[in-house]
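# Fold and geometry: a report
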Amino acid sequence: MLEPAYQADVVIVGAGVAGLSAAHRLTSQGVTVAVLEAAPCVGGRMSTEKVDGFRLDRIGQLLSTAYPELRLAPGLDGLVLRPFAPGVLLHGDGRHHRVDAPAGARSARGALHAVRALASAPRGMPGPRLVTASRRAVSRRATFRVLPGAGQGTVSRAARAAAPLGGAVDQARLGAALTRFSTVPVERLLARPELPAGQSLAARGLPARTIEGFLRPLLAALLCDPALTTSSRCADLALRAFAGGRLCVPEGGAEALPELLAQTLPTGTVHTGVRVTSVSTTSVTTAEHGEIRCRAVLLATDARAAAELLPGLRVPDFHPVTVVHHTTDEPPRTGAALLLDADRGGPVAHTAVISEVDPSRAPSGRALISSTVLGSPPSDLETAVRTHLGRLYGTPTHRWETLAVHHTREAVPAMPAPHDLRRPVRLLAGLYVCGDHRDTSTVQGALHSAHRAATAILKDLGAAGSMHRADPTPTAQAA
């Protein structure tokens with residue numbers, strides 16, 4: 001229980017991954033921190049529901065082993081990541097087509113070394129462990145395989161040419177483009193002209209079939225944006241992460257990441273069930289414990305909650321996400337692949353037998369299939385999703401049991417062009433804000449904004465004299 005007279009150097013409002021990560025960076029430098037969370041548990045939108053031995057993510061954003069902050073953020077060295085099969089599995093023209101992205105290393109040997117280094121980082125080096133069924137390296141050049149559908153034999157050359165990726169020349173061009181993405185410096189990506197992601201795809205020099213059949217469904221899944229209005233710079237970062245790493249999920253559910261961060265903070269740092277009603281540069285006021293005095297305040301809530309405490313902050317639009325979880329005792333034979341619909345012939349943007357990726361998410365003998373619907377869901381969601389999944393997996397779904405349907409209206413902050421990927425985290429000395437709405441709307445963006453905010457706080461706390469003497473109050477436009 002938090003005492004009314006409790007004082008700390010920094011009070012962090014919000015115990016999502018951004019707030020918890022910032023707390024780690026501050027406490028590691030000897031700064032006393034109190035993290036206040038209104039909900040009864042940590043995690044924010046990274047939450048997992050437990051039903052009859054299943055672990056069901058409410059939003060289920062995709063992570064990448066190429067996210068730098070998963071290695072750099074303190075407190076995450078015990079995180080276990082479960083990777084999907086390399087690349088993605090496309091369903092188009094009634095068949096499955098596998099796209100294996102480049103590994104992002106200079107060679108297959110370099111890719112293997114990178115995976116091993118990530119899996120066996122020394123205890124003193126923060127970074128998650130990557131758990132794979134096989135450590136076979138993926139070559140730097142992207143590869144493509146057409147897999148026969150149910151009951152089909154060898155796929156003919158004509159069928160291969162009709163794949164969503166186009167013919168051999170088109171596939172080679174795509175492989176070269178992904179390889180370039182995996183190695184280009186981030187600064188160069190951020191310096192490129194900015195357009196809506198959907199419009200920028202035409203400038204890639206790739207055939208329309210490859211764009212429509214692969215890049216559009218892939219980016220929609222990575223950005224949670226089916227219309228691809230997202231800034232092309234954010235889309236380029238997403239493609240760079242896809243080309244340079246492996247898509248993955250935390251073992252045990254999305255909540256594993258914030259729970260690990262909370263558990264590895266000093267005892268007494270995190271306080272749940274504490275609702276903050278107002279903030280200033282030197283204190284926060286809570287509904288339960290009155291005023292808590294401090295030297296600095298960091299708002300690490302979602303964008304809407306932050307704007308309620310600081311009305312000058314802008315509230316972005318959001319992308320709604322619906323996740324439908326099914327179980328069956330006869331799983332589809334797609335293994336640990338992330339399955340995308342190249343034809344976009346139904347509401348499901350992407351789906352996976354997630355228990356093949358992370359066996360801890362389902363009890364023994366049962367399969368968990370998790371499917372994501374982007375945008376506003378159809379009125380007949382259950383029927384539409386089952387019908388679509390039947391086509392995607394090539395198997396009857398009428399006997400699948402629905403475990404849960406999670407609809408989150410404000411799941412992911414929108415990042416339309418133009419979008420500032422480095423929105424200010426320092427509003428004035430003593431008052432800071434972080435979260436995915438200040439960076440990119442990914443776990444990487446949330447963690448990176450926390451990194452920036454903690455750096456700014458440490459700089460101000462170390463400054464001589466008062467932190468608050470000569471700082472003008474920011475205007476609403478500046479925020």
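Residues numbered from 1 in each chain as written. Predicted model: local features only at pLDDT ≥ 70, side-chain atom pairs only at ≥ 80, totals over all residues. Heavy atoms only, no water.

Attention shifts here to the overall build of the chain. Counting its secondary structure elements, the chain contains 14 helices and 22 strands. In the chain, buried positions account for 56% of the 479 residues. Put simply, 74% of the contacts in the chain that link residues at least 6 apart link residues at least 24 apart. Counting every atom, the chain has about 20,000 Å² of accessible surface; 52% of that belongs to carbon and sulfur. (Helix = DSSP H or I, 4+ residues; strand = E, 2+ residues; numbered from the N terminus. Buried < 20%, exposed > 50% of the residue type's maximum accessible area, 1.4 Å probe, protein only. Contact = heavy atoms within 4.5 Å. Areas by Shrake-Rupley, 256 points an atom, 1.4 Å probe, with all protein chains shown as cover.)

Per-chain confidence: the chain averages 85 in pLDDT, with 83% of residues scoring 70 or above. Here residues 133-162 is modelled with pLDDT under 50, and outside its nearest four sequence neighbours on either side it reaches 62 contacts, counting other chains as well. Taken as a whole, residues 468-479 scores under 50 in pLDDT and shows 17 contacts with residues more than four places along the chain or in a different chain. (pLDDT = per-residue confidence, 0-100.)

Burial within strand β16 (residues 318-328) is extensive, with eleven of its eleven residues counted as buried. Residues Phe-318, Pro-320, Thr-322, Val-324, His-326 and Thr-328 point to one face of β16 and His-319, Val-321, Val-323, His-325 and Thr-327 to the other, with burial holding for every one of them. Where β16 lies against strand β20 (residues 401-413), nine bridges are found, and the strand directions are antiparallel. Bridge pairing in β20 places Val-323 opposite His-406. By the bridge criterion, eight bridges tie β16 to strand β19 (residues 367-374) in an arrangement that is antiparallel. When the sheet's bridge partners are listed, His-325 is paired in β19 with Ser-370. (Pairing = 2+ DSSP bridges.)

With 48 residues, the main nonpolar core has Phe-84, Val-88, Phe-214 and Phe-242 as its most contacted residues. For this core, the secondary structure elements donating two or more residues are β4 (54-57), β7 (88-92), α5 (168-183), α8 (208-223), α9 (232-244), β11 (247-250), α12 (354-357) and β20. It is α8 that contributes the most residues to this core, eight residues altogether. Ignoring any residue separated from it by four or fewer positions in sequence, one finds Val-88 in contact with His-97, Arg-98, Val-99, Phe-214, Leu-218, Phe-242, Leu-247, Leu-338 and Leu-340. Leu-79, Ala-241, Leu-261 and Ile-457 belong to the second largest nonpolar core, which has 45 residues in total. (Core = buried A, V, L, I, M, F, W, Y, C linked by side-chain atoms within 4.5 Å.)

On to the sheet that holds strand β9 (residues 129-130). One open sheet accounts for four strands, arranged β5-β11-β6-β9; its pairing is mixed. Single-partner strands in this sheet number two, and they are β5 (63-64) and β9. Pairing of strand β6 (residues 80-83) with β11 involves three bridges; the strand directions are antiparallel. Each residue of the ladder has a partner; that of Leu-81, found in β11, is Pro-250.

A few words on the pairing of β4. Here four bridges tie strand β3 (residues 48-51) to β4, and the two strands are oriented antiparallel to one another. For Thr-48, the partnering residue across the bridge sits in β4 and is Asp-57. Linking β3 to β4, which pair antiparallel, is a turn of two residues; within it Asp-52 sits at a positive phi near 50 degrees.

Moving on, we get to the environment of Leu-228. Structurally, Leu-228 is set in the loop between α8 and α9. Considered as a pair, Leu-228 and Leu-201 are 27 residues apart in the sequence and their alpha carbons are 9.9 Å apart. When residues no more than four places from it in sequence are discounted, the contact partners of Leu-228 are Pro-196, Ala-197, Gly-198, Leu-201, Arg-216, Leu-219, Ala-220 and Leu-223.

Attention now goes to the pattern of salt bridges. Taken as a whole and judged by the stated rule, the model has 20 salt bridges. One salt bridge in this structure joins Lys-50 and Glu-255, with 2.5 Å as the shortest N-O distance. Here Lys-50, found in strand β3, pairs with Glu-255, found in the loop between β11 and α10 (256-263); they are 205 residues apart in sequence, far enough to count as distant. Asp-460 is the partner of Arg-426 in a salt bridge, and the nearest nitrogen-oxygen pair spans 2.8 Å. With a gap of 34 residues between them, Arg-426 in strand β21 (residues 426-428) and Asp-460 in helix α14 (residues 443-461) connect regions that are remote in the sequence. The exposure class assigned to Asp-460 is buried, which follows from its relative accessible area of 11%. Residues joined by salt bridges that share partners form a network here, namely Lys-50, Arg-55 and Glu-255. (Salt bridge = Lys/Arg side-chain N within 4 Å of Asp/Glu carboxyl O.)

Relative to the assigned elements, Tyr-432 resides in strand β22 (residues 431-433). Residue Tyr-432 is classed as buried on the basis of its relative accessible area, which comes to 0%. Each C-alpha atom of the pair Tyr-432 and Leu-298 lies 4.6 Å from the other, and the pair is 134 residues apart in sequence. A polar contact of 3.2 Å, which involves the side chain of Tyr-432, links it to the backbone nitrogen of Gly-430. (Polar contact = N/O pair within 3.5 Å; in protein donor to acceptor, adjacent residues only side chain to side chain.)

Once that is clear, we can look at α5. With 16 residues, α5 ought to run about 22 Å at 1.5 Å a step, and its terminal C-alpha atoms sit 23 Å apart, in line with that. Restricting attention to buried positions, one finds in α5 the residues Asp-170, Gln-171, Leu-174, Gly-175, Ala-177, Leu-178, Thr-179, Phe-181 and Ser-182. (Expected span 1.5 Å × (residues − 1).)

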